[in-house]
Every structure is written in C-alpha cells, then in structure tokens.
Amino acid sequence: MNMSVSDLSVGCRFADYFVICGLDFDSGLETDRLCGDNLHISPLDRSYKGKVLAHYPDNVHNNKFDEHAVCMLCFPASLQFRTQKHSLEPKFHSFVVTRENASRYYGFSLIFYEEVRNRNICSAMHTLQTMYITELSSGQTPPGHRKGSGKESSRSLPRSFKLAPHSGAALTYYDITKDKLYVAKSIALICQYPYIRVAQLFLENLFRSLPRQPGPGLSPESYVYNLLYEVPVPSPGQALRLYVPPSEPHLDPIPVVIRMPNPPEELPLLDYPLRVMFSTLGVECVVQLFTCVLLEHQVLLRSSDFNKLMLVAECIVSLLVPFSWAHVYVPILPSPLYHFLDAPVPFVMGLHADSSAITIGSNGPRNIAIGSEAALCLVDIDKPDIQLPEELPIFPHRTPFIEELNHVLDKHQIIRPETEPTKLGVPLNGTSYKHMNDGMSSSCTLPSDGLRRKHSFHDVLEWEESRPLNASPPASPRRAPRPLYRLQRMVDIIVKRAGLSIDDVDADTVMPTTKKKILNDEEQYNEDIRLNIAIRETFLNRFVHIFLMYENFVIMPDQDRDSWLSSRESMVNFDKASFLSDQPQRHRPFLSRFLETQMFATLIDNKIMANWGEYDANLQVFEHRIRAVRTNSLKRIKNAKWQVKDCPPELLLGDIGRRLSTEVTPAAIAQNNRTFVEKLLKECKSKTKRMLLEKMGTEESDLGLGCEVSITGVEESTMIASLCDLLERLWSHGLQHKMGKSALWMHLTNYQELEQCSNSTKPIDPNYLTPALAWCVLRKRLDYLSSVGAEVEAQQSTSGSRSRDSSRGGSRDSSRDRLSNSGTLERKSSQIPNPLRPLPENLTFDMRNVQAMTDIKTEIGYARAWVRLSLEKKLLSKHLRELLSDTTLLRSQYKRTAFLRCEEEREQFLYHLLTLNAVDYHCFTNTYPTTKLPYRVLIVPSRKASQTTANCWLSISGANGESTPKIPIPRNTNEFVFHHKNLGILSTLRIGHDNSGLSPRWLLDQIYVRNEVTGHTYTFPCNRWLGTGVDDGSTERVLVAARTRERSPRTPAPAPHALSPTTHLSTSTIQHMIGDCVNAIVKWHYQSKREKDANSLSVLLCGENGLVKCLEQAFLCGFKSARLFGKNLFIWDYFTRVKDEFKMSLCDESNVQSNKGCGVAYNCRQDQEHRAIWRCYCHLMDEINSVGRSLGKDGKFQLFICLSLREHWLHRMLVPMSMTRVTAEMYEEQSFLRKRGLLTFLRQILEPLDEFDIVLENSLTQGI
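Model, not experiment: these values are computed from the prediction.

The subject of this paragraph is the overall build of the protein chain. Counting secondary structure elements, the protein chain contains 42 helices and 26 strands. Here the protein chain holds 1264 residues, and 51% of them are scored as buried. A fraction of 74% describes how many contacts in the protein chain between residues 6 or more apart in sequence connect residues 24 or more apart. Accessible surface, the protein chain: about 60,000 Å² in total, of which carbon and sulfur atoms supply 51%.

The following block contains the structure:
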C-alpha cells in the first residue's frame, strides 16, 4: 500500500510514539521514594527512578505525550538492577492509559537489561552494598526493617558468613571486582489500537537486530520510521499488510496483516487471545469473574507476569459488549500508585504477585490495605484462585452457559484446568488432573471441595441442572468422567475378542483421536482470532436473549436533547419493575442488581441519544444481533424466554475514571481524594432519594391514591443492600489501618469498647487496646472523672440549700423532687406510667442485639444487620451521628482527607439518611427470619376482673408463617418476656385458659406485644370475657393485631370501638360496609406477592370493621335476640337451629312433603343442589363444634365465616338458610335473610370472592 507522509493524516497512524526509557546517567543512582522505604532490602532489590531517555516524534496533535505515565507503566516495578547471576531474558508487557475524556491509548513495552559501563554507577552500587552489609554485621536494623516475629534476631553475622553461589543472598550481593552490573531498559510503542501481536513481534525482533551489524538489510531506524510515519490504521472492514523486522538481520522483513472490524456486523477489535485466559483460569472461574465485573464489584487481579494482568483485564472487559466498563481501569498498577487501592469505587486493577500492597497486617515495610473487602473479587491468575464477594448472585442460566462455553472450547481443543487431559485414563505429560486442580480447589469459589463461601439455594439448583459431560459433580471434582470408563471397556472387549494383547494395539487404531496440529505463529494467531469471535458471540448472544425486548421498556423523553441532558439524573428512563416482574424468580437477585449498575445506565442513555443521531458502536452491534434473533437467523440458546422491564438507572461515578490523576504529587493526591469525596456524596444523595421516592410510591398505592407501584420486594432489598455497600465504602475511605473486613463494624466495636471502658469500675486492659484506642479511653476517663467531680459539688450545694429550705418550714419540694444516682435532679411525674418501658435508643443497645444473633458469622454480616436494624427503627442517621461525634476516635482511625472527616460533606450525608425516616422499612424483620428474638408481652385486664385463678396461655402468629406454641402466662404478673424465632410482622394472638380454680373468669381490655429488638409494638384489642357462664362462654379468643405507630406509647391506647349486638345500624350502612370489605379483599389479591401476607388478609377478614364483623351486623339486623326469660340469643344459636332443621330434612329424604315444609316448591335439580349444600353446612358445623370446644359462640361464628369463604360455600348457603322455618321465627321481615332485595345483594356481593383462593392462617382455622 503506497501512501506518502503528507497523505497520511496524524489521526490514523498505527503508532504515535516510539519511546526509550532507562537510567539517566547524568542524574545518577536515585532511589524511587514513591515506591516506599526500601532501605531494609539489598541494593540490588531496591527500586530506582527511571526516565524517558528519548521519544519520537516529539508530539502528536491528538495524543499528547505523557512522560510521567509512560515511564511509570514501562517500568511498573520501577527501575531494577541485575548481575550476571540473574535471568536477563527480555520481558514484554502491554499497558493502557485512560485520558481525562475517558478515551484510552495503549502501550507495549519490552524490558531488557544492558551492561552498565559507567564506573560512577558501579561504584555507587558497590558503596550501597557495603553499607548494607555493614549494618547487618553490626546488628543495626535498617530503617523500616521491623519484623514482629516475636523471636530475637541475631545481633551480628557469624564469622564464617559466606554467600553460597546459588543462594538467595548470593543473588542479591554485588561485588564490583567479580560481577557485571546490568540495568533495565525499555523500548516501547504508544498506539491508539491494541494490536498486541504486531507490537510484540516488532519490539522483540527490533531488539534482536541491535546493535546494527554490517551487511544487507534495513537499519532498525528504518523500521521505526516506517511504523511511525508510513503505516496507517486500516479502515473498518479492511485489512493492511505491514512489515516488521526479521528475527535475524540477514533475513527478509516479515509481512504481517492487521484488520479492523466492521461494525455492526463484527464485534469491536480484540487482539488479545481469549485462549490464554480460559486455559489459565478455566470456564467456571471466568464466569464468576465475569459476574463480578458485571455487578461492578472491585476486581483485583494478581500475577507474577505483567502481561497476564493486562491480558486477563482486557479479555474480561471485552466480553461485556454491548456494555462497557466506565469506572477505574488500571490493569497494571505501578508501585507509585498503590494508594489507588484505597479508592471506595468500583475498579479493575492488576497487581504484581511480589507486591506487598495486598499484605494484610500491621507489620511490613509497605502495607496498603484494600478499601472494602466486602465487595472485593481477588483473582490469583498464577494458581489459579478466586475469592468472591459475599452475597454474590448467580448469573442467569449459569449451567447451560458454561456448557455452551465448554462446547466452543472443546471444538477448538483448548485444555482447561477443570478438564481432565487424559487419554483412556492415562495422564498426559505425566501430569494428572488431580494435581492440576489442587490449586483451584483450595479457595476457588466453585463447586469443589474447597469452597470459601456458603452455597446458596440457587447454587444447589444450578448444580442439579444438566451438567456438561466434562464437568465433575460437586462432591467429587477429581473423578474421571464416566465416558472414559465406557470407552476403556469397549477397547478391552474389542481387543479380547480379537485375541490380541493390549500392548500390541495402538490406541489411535482402536479409537482414533483428533491430534492437535502444531501451528506456527501465523496459524496460531488466526486460530485465536476465530476462537475470540466464537467466545465473544456466545457472551453477546446471552445478553441478546436476556434483553431481547428491552426497547419496549425504554421510556423515551418528550423533550429536546439539551433539556434531557440537563435533567438526565432525575429522569426515569427504564421501566425496571415491569422488567423484573417478568423474569424467573431465581434470576431476579442478579438482574435487579445489574439494572442498578453504571454500565446498564449508559446503555439506556446511548439508546435515548440515538434518537438525536448519536450512535454508539456497541449499541449498534447489540441491536443488529437483536434483529437477527427476532428474524430467526441467529439461534444459540434454546428455551430462553426473556422479557424486560426497569426504572431510572442511576448515573453514579460515571466519570470517576477520567477525573483521576496519575500524578503522585501531594496536590494531585489531594485532588483525587476530593474527587472521591464528591462522588461518594453524590451517590449517597442519589441512593437515598431513589429509596425514598420508590417507597413513598408504594405507600401511596397502599393508601389507594392511584400511584403506580414501581418497586418490588427484590428491588427494595437490593437498594438496601446497595446502601450497605455504600456505607462500607464510606467507612473504608481514608482509613489509617485496616483491621478487619468491615470498616464500619470496626468503628462500631471501637466505639462500643470506649463506652464500656468509660465505666470507672472496669479496669483498662493495655494489651487489649491499640495505642490510639488507649489514648481515647484515657481521655474519656479523664472527662468522666471531671464531670463526676462537678456533679458531686452540685449535689453538695443542692443538699445544702435543701436543708436550709426545710429548716425554714417546708419539705414540700422534697416530696416532689428527688436526686438520682447520677446526680441529676428529677421531678416525679403525675402522669400515668407507661404500659411498656421505652427501649433505649442508643447505638450500643442495637449493637448488643446484633451481636446476640447466632446465625451471623462475619463482620460484614454484623455490619449489614446493624444498618438494617437501625433503618427499620428510623435511627440510622441518629446512630451514625452519635458514632461520628467522637472526634478523638475519628481522628485516631482516619486520615485528614477521609470522607468522614470532611465536616460539610458528612453533615449532608447524615441529612440524606435522615430523609429515610419518612417511610417504613421492615428490612431487618424480613431479612433474618431464623433469628431468635425476645418479645415482651403486657396484658391489660379490666378493673372489673383483673385476676383469675385459671392457668392462662397465649400463642402468637406472624407474617413469616411461624406460630409460637402455647406459652404459659406467669401467675401474679401481667408482663413477661419470651424468646422465639423471628415471627415477622405479628398478625394474630390466641389467648385462653383451662377454666380452673374458684374464680376463673377474666375480663381482658387489650394486650401489648413488643419486639424487643426492632421496637415494633402491636396492640391486640379484646374487651371480652374469658370463662364459661359469662358473655358467650368462650375460654379462648383469637385477637387480630393493630400496629402501634409510636415506638413506646406513654398511655394505654384506647381500644377500638367494637361493634356489639346492641349497635343498631341501618341496612344501607351495612351494605356499604360489606361492599368496602369485599372490594378491599379483591384488591388485596391483585397486589404484588410482597404485599400479600397473612397479616393483611387476617385484618381484612377478622379485624375491626373486617368482613366478619360486617357480616355479623348483617345477621344481627332484624334478629330477635332479646328473650323475656333466660339468656339472650347469639347468632351461633340461630346457626345451630338451622343445622338441626337441615339434618331433619336430610333424614327424611323420601318424604317430599317434609321438603316442601320449608316454604318453597323444588324441582329435581334444585332439590339436589340444596341437599348438597345442607350436607356441607352440617359437616362444617360438626367440625367446628368438635374442634372449637373452647371457643365461644362469637368465635365459632368467625370460624364458620372464614372456612365457608375459603371453601366458596358462603354465598351458596344464604338462600337455603333463608328458606328455613327457623329464619321466619327468629328474624323480622326487614332483615337481610327475609327481604328478597337484601338477600340478593348479600349473595351477589359475596359471589366475586369465588375467583380467589383464600389462604388462612392456622390460628384462624383451628386446624380444620
């Protein structure tokens, strides 16, 4: 391809710069102090400062040369020295630099070692070596060399100290008279596109051609000039042939072809081989890592090879198409930038295996703690090994997805760690599968022996699904696949029948296998490109089927581009709730979290921006594949039925990667910290606003205000989990020392220890406290003693004045005032004492409750439980303010630049959390259903009969489906505490007694029950008697809960007005009441699953003004209950007489006249229907009488109504009941059962309830 230099524009060059980095001999030997204090190690192992010696050209218009960043990434471990005893093989690695506008450019560096001929440098190195040996021999520990091993180190080296020729000490020793000194040097290319194969081939062959030998061939300068000025980047869809230096100077230049993909038919450029990543990590490990990247966790890669760090990072990010990583992206983290690990934002970073930055502990020369380990995914590429974050959801259809990937890799004959490279059971190359998998099973979070985290129910479901043939069952990962044994048996049978010896038979003759052909460099590259396309299309096809119909749920704006951009963060761009409602239940945890990520929000933004002609390349590829699937031209996944819906994606931390500076000056580090603080505050504001608006929308719908519900149970729990992650990142920012996995819980426990140590009666253990914490304790103790002294003086002066007042003639004040033990003056209150003592609202009280939870095992779990509990009690903002008020503790744990020490941002953060108190959350109650909690019961009897001689008991039921056994009520007390597994939101309470003793009758006013952890208080109104011979004769009653909004009511709440038999209501009022109740029940059945709990249905049926109470008023209307002699009649007495009449009619089936005695002439079909209803009615009455012996007549009536509604019998029984003689005797003409219009209304209003399956609590059904 012929093109002049003038014709080649700067923007389409293959390479922008050719760079040479190394040691500046003019500056001399200078230690790189940005890598930390390294005087404790040998001078040969120390890091020295390098410099860009030359770069060509001087500058490129659209890619300004960043000398500092390029030099730092060309030498990620800084400049190193070697001797001839070290390995001096050149090493190649690539790197990436992110500009401020989020665009990237790539670098390719070849590090080699050249001999140092400068005598000054050699002498300086020899001098440093002599000083180091002198310090060791004199017993002086070099600065920073403090090891807390607990053993006394030798004060001096032995006289016979010698360096073994191949020992580690010999490698780090430099003798100027015997050794040759070598220094690292780098030649590098800076390019706009990652054509790694061409760059590596060019640099390696260019190095081999140095120094220039006389003879034919082009000079190295000619190749560099050609690559910089004469080779363009091919246009999309086109290929270009260029020439690189040969491996030997006398050979011809090597032609190499590069190609630029053509979107949307082709995927974006990827020149890194996915083969290497899958053959190193394995399929399951890659899928787990891919899941962490999708959910925007912090991902830290670790390897001893810089090139592998870059390869894995680029490969895993390339699989995100059509999404893109928009956060911090540093695949190779140079040692001067280790402070980036403290960034409380999502990142993908790579760290060298020899780095001390990931050392967790208080000792060591350089110890940099990782910000938040709760959301950290740590991948050791060399082992391989992966440690996953806690509570990581499973990728949708994970098992079929792994099968599909295994199929593609098997087709290309890629050996992986989880596959067994055997042939007929014989290991290849002497390496068995067992040894290959040992590294993985130690800590990799995969279905193997050595699991790090507990398996969820979704894991078990995935393992039970169809499994790839080459995958092992979870219990035995190292067992050979069964097909190998079958093939071995077939071979044995064939050989035996042929009469041959197995040694004489070639395995390939019996069972031919496809031997992988040895490929040259060009063929291997082409094969890698084909595998890259197949793997990436598999990943993209998965996204296509997940979001196949996503366009239907994108909410397009009805405004222009500028207006939309200005209000983008507050806009609702995607109907998330509708999307999640259509997904399988087990996939919702992953999808609900993924829809909250920045990459998904960016995709939706790009979709909207396409309306104004701004097209994103990844989005074009994605939509092209979607159209192909819709037209049935692309089918890769079977039985994948996906539909989509979502809500406004949050644009959080979007430009954090482009605003981070790679400078390491104090001003640059301060600017980076300021950027982190601003982004954290912005994220806090966005999350709290989102939680508040979504929750308020749900409550408005519950109140019937017509607001569309846009939040589901999964989404609410996801947002609260996201808030917990945010708090962890806030408390991890700017930590002085990392002491545990949860920075928030560490701060809380330190605060709790300080509060306990403030007690003067408790001695201080100096071995238990850190120096900073001990100083805080000492300061608190001094403050406490000074305050006690002041109180004593005030007490003495008060007592003196009081004695003077009493001598003057009066102790009226002393009868009303008293001095508390703490020295504060309290006044006796004339108000009625609280029925329940208020719970403490301090931080440590909730901490003790969380620490008592036995089902939590980790610090992260304790921290999340505490946050959920505080949020449910509406004390989160108050608790955190109390925690942060201890400035001494705060200064001892956090740097000055930490978020928690920025007063203005901290106040705004607490204010945003305070807004969450406007709504009610049950995030603690619903998240920990197995936790054992204390419940306090307060029984408020009436003054008429406050005591009983009977043995009383109660049983409580809740929304979690749990019911307590019968709990005995202690005698002579009305308040007690019991412990039980979390009942959830309380719904019903059964209370009764055995009617024993001389005076068993008991008149109950109401009962209070309080959860002693969450503070939720429930009132169970009663206002009825318990005992035979009084009221309706009930010794057991079922009460329905009424939630008390106040956390601790000061006075007993007045019981709700109960509708008694003497209450006379008009028929129209009763009709409206019944209609409202039925409408409420119908609406309840159409609510989301999250709202449909037993508590709300029980209230609608049996609560005050519930359907049972309203039907009771209907049956009481026109009821002749008053009797001149004897007791008044109850509705149940009428039901019993109807049953007797039905039984008499059924016993005389042959006598037609007896049937007509009911007042109506039947035809045959009506006769059969009514007889069936009579039998059902009598059977139900017998069941209730046999089971509910302790129930009173009103309790039996409630049970009858509930069971007949559940069995869909109630509206069918009304007409036969109205036709009986008993109805005419006991009801007036204007009653519901005798007036045709009212009876028709009653039957028709109840008939719609037949459409629903009414599920009742066990406490309401009595086991029937």
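Turning our attention to helix α41 (residues 1236-1246). Every buried residue belonging to α41 is among L1238, L1239, L1242 and L1246, and all of these are buried. Seen from one end, α41 has its buried residues packed into an arc of 100°, which puts them on one side. As for α41, its buried residues are in contact with α32 (1067-1085), α34 (1107-1116) and α39 (1210-1218).

Bringing the packing of helix α26 (residues 843-851) against helix α27 (residues 859-872) into the picture now. Interaxial distance between α26 and α27 falls to 10 Å at its minimum, and their mutual angle equals 125°. Viewed along their axes, α26 and α27 adopt a mutual orientation that is oblique. In this structure, α26 crosses over α27, and the sense of that crossing is right-handed. Here L843, D846, M847, V850 and Q851 of α26 come into contact with α27, specifically with Y862, A865, W866, L869 and S870. Of the residues that constitute the contact of α26 with α27, the class distribution is seven nonpolar, two polar and one charged.

One finds M277, L289 and F547 to be the most contacted residues of the largest nonpolar core, which totals 145 residues. Residues M719, L723, L748 and Y935 belong to the second largest nonpolar core, which totals 81 residues.

What follows is about the sheet that holds strand β20 (residues 967-968). Adjacent strands of a sheet form backbone hydrogen bonds with each other and so pair up, either parallel or antiparallel. Spatial ordering of the open sheet is given by β20-β19-β22-β25, a layout of four strands whose pairing is antiparallel. Two strands lie at the open edges of the sheet, namely β20 and β25 (1036-1040), each paired on one side alone. Bridge count for strand β22 (residues 986-993) against β25 is five bridges, and the pairing is antiparallel. Its bridge partner lying in β25, G992 is registered against E1036.

Our focus in this paragraph is the environment of N120. Inspection of the secondary structure puts N120 in helix α2 (residues 119-137). Residue classification places N120 among the exposed residues on the basis of a relative accessible area of 62%. Measuring from C-alpha to C-alpha, the distance between N120 and G28 comes to 8.0 Å, with 92 residues separating the pair along the chain.

What follows is about the state of the cysteines. Overall, the coordinates contain zero disulfides when judged by the stated rule. Distance from the sulfur of C377, which forms no disulfide, to the nearest cysteine sulfur (C292) is 3.7 Å.

Moving on to the environment of F306. Mapped onto the secondary structure, F306 falls in helix α8 (residues 306-318). Remark: the alpha-carbon pair of F306 and P76, spanning 230 residues in sequence, is separated by 8.2 Å. The residues touching F306, leaving out its near neighbours within four places in the chain, are P76, A77, H93, I332 and H352.

Applying the stated criterion across every chain yields a total of 41 aromatic pairs. A centroid spacing of 5.1 Å and a plane angle of 80° characterise the contact between F323 and F543, whose relative ring orientation is edge-to-face. Note that F323 is positioned in the loop between α8 and β10 (328-330) and F543 in helix α14 (residues 521-546), a separation of 220 residues in sequence. Side by side, F323 and F543 carry an identical accessibility label, which is buried. Ring geometry for W1132 versus F1200: centroids 6.4 Å apart, planes at 70°, classification edge-to-face. Taken together, the residues W1132 in helix α35 (residues 1131-1147) and F1200 in helix α38 (residues 1193-1206) connect sequence positions 68 residues apart. Residue F1200 is classed as buried on the basis of its relative accessible area, which comes to 1%.

Geometry of a packed helix pair, given as the angle between the helix axes and the separation of the axes. Interhelical geometry of helix α6 (residues 274-281) versus α8 gives an angle of 105° and a closest axis separation of 9 Å. Regarding the angle of α6 to α8, the classification is roughly perpendicular. Side by side, α6 and α8 meet where L274, V276, M277 and L281 of the first sit next to L311, V312, C315 and I316 of the second. Tallied by class, the residues present in the contact of α6 with α8 amount to eight nonpolar, no polar and no charged.

With that settled, the discussion passes to unusual backbone geometry. Note that the residue after V321, namely P322, is joined by a cis bond; omega there is 20°. Tracing the sequence through the fold places P322 in the loop between α8 and β10. Each neighbour pair has its own omega, and for K383 with P384 the value is -10°, a cis peptide bond. Along the chain, P384 falls in the loop between β12 (376-380) and β13 (385-387). Positioned with a positive phi, H397 is a non-glycine residue whose angle comes to about 50°. Position of H397 among the secondary structure elements: in the loop between β13 and α9 (398-411).

What counts, and where the lines are drawn
Residues numbered from 1 in each chain as written. Predicted model: local features only at pLDDT ≥ 70, side-chain atom pairs only at ≥ 80, totals over all residues. Heavy atoms only, no water. Helix = DSSP H or I, 4+ residues; strand = E, 2+ residues; numbered from the N terminus. Buried < 20%, exposed > 50% of the residue type's maximum accessible area, 1.4 Å probe, protein only. Contact = heavy atoms within 4.5 Å. Areas by Shrake-Rupley, 256 points an atom, 1.4 Å probe, with all protein chains shown as cover. Arc of directions from axis to C-beta. Axes fitted to C-alpha atoms, helices over the stretch in contact; angles between N-to-C directions. Parallel < 35°, antiparallel > 145°, perpendicular 65-115°, else oblique. Left-handed = near helix turned anticlockwise from the far one by under 90°. Nonpolar A, V, L, I, M, F, W, Y, C, P; charged D, E, K, R; others polar. Core = buried A, V, L, I, M, F, W, Y, C linked by side-chain atoms within 4.5 Å. Pairing = 2+ DSSP bridges. Disulfide = S-S within 2.5 Å. Phe/Tyr/Trp six-rings, centres within 6.5 Å; stacked < 30°, edge-to-face > 60°.

Any functional reading would require information that these geometric values do not contain.
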